[in-house]
Each structure stands twice: as C-alpha cells, then as structure tokens.
Amino acid sequence: MFSHVMVGANNIEKAKAFYDAALGALEHKPGVIDEKGRCFYITNSGVFIITKPINGEPACHANGGTIGFSANNTGEVDAWHSAGLENGGIRCEDLPGIREAPVGKLYIAYLRDPDGNKVCAVHKVK
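Every value quoted in this text rests on a predicted model; they were computed, and no experiment measured them.

A. Expanded view of the pairing of strand β4 (residues 46-51). Counting buried positions along β4 gives five out of six residues, so the element sits mostly inside the fold. Of the strand pairs in this sheet, strand β1 (residues 4-8) and β4 are connected by five bridges, and their pairing is parallel. Paired with H4 across the bridge in β4 is V47. Hairpin remark: strand β3 (residues 39-43) followed by β4, antiparallel, with two residues in the connecting loop.

Structure representation (structure tokens):
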C-alpha cells in the first residue's frame, strides 16, 4: 500500500546518526544521502526518507502521527530502542513491552527522533 514515508529534519546528519543506529538494530543498511542532501533507507518493502522541508520552514513532528518499523523479534525491538536512545532519541510512551491490539499482541517500543517525530519498532507476538 505504501511506497515511502518521508519526515522532515532540521539537521540531516544528526537525524541520519539516529536512524542509522536505530534501523541498523533492525538489520537495515545505513542511509544514503543524495545530491539534494536527502537521506534514503531503501528496502524491499518501501523507502524511508529524511529531508529538510522544501518550503524552508523548520521541520516539526506530526501531532498524532507515528511511524512504525517492523522487527523480526522482541530482541530487535529492544535493540532498536537502545540504539535510538544512545543516538539522540527521547523515550516516550511506556517502556518496551506487550500491548494488546485489535490485530493481536504486539511487542512495541516508542521513541521521539531528534526532531520530535514519533517512531516505534513493533513485533507481532504469536
């Protein structure tokens, strides 16, 4: 359904350090910066992009928005959370753990990235 997700960042290098570490814990390769200064994480299931806002205004987070990254197991969720915290992420919501959802049990962890975007890593528990 989705081709890509893009978030704004005020400092691409700081955001890249956060996402390289956090997404690296989910076994993704470091982002690649293009000639326009945007950072791309290209996977078989979609593309995640970090960019300075085109309109020149400061980047800000989406109120009520969350971007979820899939994890293969609970250990990856925990590693993602730790790597994010160690690289400028800010803890939000509850500690990593099980949440009941209409789709079943999810093991999930939330962070705010250096620009305040709410992100999470999630593994569906069987």
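B. Expanded view of the packing of helix α1 (residues 12-24) against helix α2 (residues 74-86). Viewed as axis vectors pointing N to C, α1 and α2 meet at an angle of 160 degrees, and their least axial separation amounts to 7 Å. In terms of orientation, α1 lies roughly antiparallel with respect to α2. Helix-helix and strand crossings are classified by hand; for α1 and α2 the assignment is right-handed. Between α1, through F18, A21, A22 and L23, and α2, the contact on the second element is made entirely by W80, A83 and G84. Its residues assigned to classes, the contact of α1 with α2 comprises six nonpolar, one polar and no charged.

So, how was this worked out
- Residues numbered from 1 in each chain as written.
- Predicted model: local features only at pLDDT ≥ 70, side-chain atom pairs only at ≥ 80, totals over all residues.
- Heavy atoms only, no water.
- Buried < 20%, exposed > 50% of the residue type's maximum accessible area, 1.4 Å probe, protein only.
- Helix = DSSP H or I, 4+ residues; strand = E, 2+ residues; numbered from the N terminus.
- Pairing = 2+ DSSP bridges.
- Axes fitted to C-alpha atoms, helices over the stretch in contact; angles between N-to-C directions.
- Parallel < 35°, antiparallel > 145°, perpendicular 65-115°, else oblique.
- Left-handed = near helix turned anticlockwise from the far one by under 90°.
- Contact = heavy atoms within 4.5 Å.
- Nonpolar A, V, L, I, M, F, W, Y, C, P; charged D, E, K, R; others polar.

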